Amino acid sequence: YKHGNYKYGMKLLKKEMKKDEVFYDGFLFLGYGENEIGNDKNAVGYFNKAIALAPKVPIGYFMRGNIHMDMENYRLALKDYKKCIKLDSLFYPAYNNMALTKIFNQGKAGVHRNDFKMAKKELKLLLDCDEDNVGIEDVYFNLGLIHLNLNQYYEAMCFFSKAEYSEELKYR
């Protein structure tokens, strides 16, 4: 996986899983690998198996939600993100993706201003947290896009600047 050879990595992992007991992380990695090579349906199947083994662990729901979002199954993605947050209220990427899912769910019709406002409200919840703010640059960037679409240009520029600054800090 580290070198991008997902098929070989999945082959080795499956071989190991046949020897030993089936394990949660193995299904997560198989799902991730299937997603990386474009087999989203297989990825969902592996994430389903991981969730069946450990239904109270949020990462499986989050990863399956990402696949559903890629497949444009927005209701299923939203359901998974909500379950992830229910299990771990501090799982910040799920809030971010949940807000994006509501925007992407508009289809070919234009996004309604209320959907942007709702997404903005959910993303701003993340800013009120006192955690270490890992991945906060994505939240800032998405808030910038939302403000831009709401014609709130000053706020958009502020969030884009914060996203850029946060990204620069990460590499110092």
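Up top is the structure.
It should be emphasised that the depicted structure is a prediction, and the values quoted were computed from it without experimental measurement.

Draft legend 1. Local environment of the overall build of the protein. When you go through the protein residue by residue, the secondary structure sums to nine helices and zero strands. For the protein, the sequential pattern of α-helices and β-strands runs α-α-α-α-α-α-α-α-α. Each of the 172 residues in the protein was classed as buried or not, and the buried ones make up 42%. Carbon and sulfur atoms form 54% of the exposed surface of the protein, whose accessible area is close to 10800 Å².

Draft legend 2. Region of interest: a nonpolar patch on the surface. A contiguous nonpolar patch, built from F141, L145, L148 and Y153 and spanning about 360 Å² of accessible area, is present on the exposed surface. When residues of the nonpolar patch are assigned to their parent elements, the largest contribution, three residues, is made by helix α8 (residues 136–149). Tracing the backbone shows F141 in helix α8. A relative accessible area of 41% means that F141 is categorised as partly exposed.

Draft legend 3. Representation of the environment of N5. Mapped onto the elements, N5 comes out in the segment before α1 (6–19). Polar contacts involving the side chain of N5 include one to the main-chain amide nitrogen of Y8, which spans 3.3 Å.

Draft legend 4. Representation of the packing of helix α2 (residues 24–36) against helix α4 (residues 58–70) in the model. Where α2 meets α4, the closest approach of the two axes is 11 Å, and the angle between their N-to-C directions is 15°. Taken together, α2 and α4 sit at an angle that is classed as roughly parallel. For the crossing formed where α2 meets α4, the hand is left-handed. Contacts between α2 and α4 involve Y24, L28, Y32 and N35 from the former and I59, G60, M63, I67 and D70 from the latter.

Draft legend 5. The arrangement of helix α3 (residues 40–53) in detail. The terminal C-alpha atoms of α3, which comprises 14 residues, lie 20 Å apart, in line with the 20 Å expected from a rise of 1.5 Å per residue. When we look at burial in α3, the residues that qualify are D40, A43, V44, Y46, F47, A50 and I51. The buried residues of α3 all sit within an arc of 165° when viewed along its axis, so they share a single face. Every exposed residue of α3 that faces more than 90 degrees away from the buried side is listed here: K41 and A52. Buried positions along α3 lie against α1, α2 and α4.

Parameters at a glance
- Residues numbered from 1 in each chain as written.
- Predicted model: local features only at pLDDT ≥ 70, side-chain atom pairs only at ≥ 80, totals over all residues.
- Heavy atoms only, no water.
- Helix = DSSP H or I, 4+ residues; strand = E, 2+ residues; numbered from the N terminus.
- Buried < 20%, exposed > 50% of the residue type's maximum accessible area, 1.4 Å probe, protein only.
- Areas by Shrake-Rupley, 256 points an atom, 1.4 Å probe, with all protein chains shown as cover.
- Patch = residues over 30% accessible without salt bridge, like charges linked within 9 Å, V, L, I, M, F, W, Y side chains within 5 Å.
- Salt bridge = Lys/Arg side-chain N within 4 Å of Asp/Glu carboxyl O.
- Polar contact = N/O pair within 3.5 Å; in protein donor to acceptor, adjacent residues only side chain to side chain.
- Axes fitted to C-alpha atoms, helices over the stretch in contact; angles between N-to-C directions.
- Parallel < 35°, antiparallel > 145°, perpendicular 65-115°, else oblique.
- Left-handed = near helix turned anticlockwise from the far one by under 90°.
- Contact = heavy atoms within 4.5 Å.
- Expected span 1.5 Å × (residues − 1).
- Arc of directions from axis to C-beta.

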